[in-house]
Amino acid sequence: MNRKTAYATLAAVLAAEAADIDMFWGWLGRFEELKHHRGITHTFIAVPVVAAAAVGLVWAIDRWVAGAETAKAGG
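Everything numeric here is computed off the predicted structure, so don't read it as measured data.

## What to know about the overall build of the chain
Along its length, the chain carries three helices and zero strands. If you list the helices and strands of the chain from N to C, you get α-α-α. Buried positions account for 15% of the 75 residues belonging to the chain. A sequence separation of at least 24 residues applies to 35% of the contacts in the chain between residues at least 6 apart. With an accessible surface of roughly 6100 Å², the chain has 68% of that area assigned to carbon and sulfur atoms.

Below, the structure is given as structure tokens:
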């Protein structure tokens, strides 16, 4: 995958793991994470949205790195 883009592996891993963002419910209490695990973030509606957010984050990182490289090159 790295032949197409340097961030393909990063995007794939983040998109795959992003659905488990519901683990942060654990901060609200001892059993909150278990009550919400496999909830909305694992539905057919939310999975594409969560994956798109992960890919969008990688795209933003790529644009930021490309801008820094352009500025560093002086143009």
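There's more to say after this.
## Description of the pattern of salt bridges
Under the defined criterion, the tally for this structure stands at one salt bridge. The salt bridge partner of Asp 62 is Arg 63, with a shortest N-O separation of 2.9 Å.

## What about the packing of helix 1 (residues 8-17) against helix 3 (residues 46-73)?
Running from N to C, helix 1 and helix 3 point in directions that differ by 150 degrees, and their axes come no closer than 8 Å. Considered as vectors, helix 1 and helix 3 are oriented roughly antiparallel to each other. Both helix 1 and helix 3 take part in a crossing whose hand is right-handed. Here Leu 10, Ala 11, Leu 14 and Ala 15 of helix 1 come into contact with helix 3, specifically with Ala 51, Ala 54, Leu 57 and Val 58. Partitioned by chemical class, the residues of the contact of helix 1 with helix 3 number eight nonpolar, no polar and no charged.

About the cut-offs
- Residues numbered from 1 in each chain as written.
- Predicted model: local features only at pLDDT ≥ 70, side-chain atom pairs only at ≥ 80, totals over all residues.
- Heavy atoms only, no water.
- Helix = DSSP H or I, 4+ residues; strand = E, 2+ residues; numbered from the N terminus.
- Buried < 20%, exposed > 50% of the residue type's maximum accessible area, 1.4 Å probe, protein only.
- Contact = heavy atoms within 4.5 Å.
- Areas by Shrake-Rupley, 256 points an atom, 1.4 Å probe, with all protein chains shown as cover.
- Salt bridge = Lys/Arg side-chain N within 4 Å of Asp/Glu carboxyl O.
- Axes fitted to C-alpha atoms, helices over the stretch in contact; angles between N-to-C directions.
- Parallel < 35°, antiparallel > 145°, perpendicular 65-115°, else oblique.
- Left-handed = near helix turned anticlockwise from the far one by under 90°.
- Nonpolar A, V, L, I, M, F, W, Y, C, P; charged D, E, K, R; others polar.

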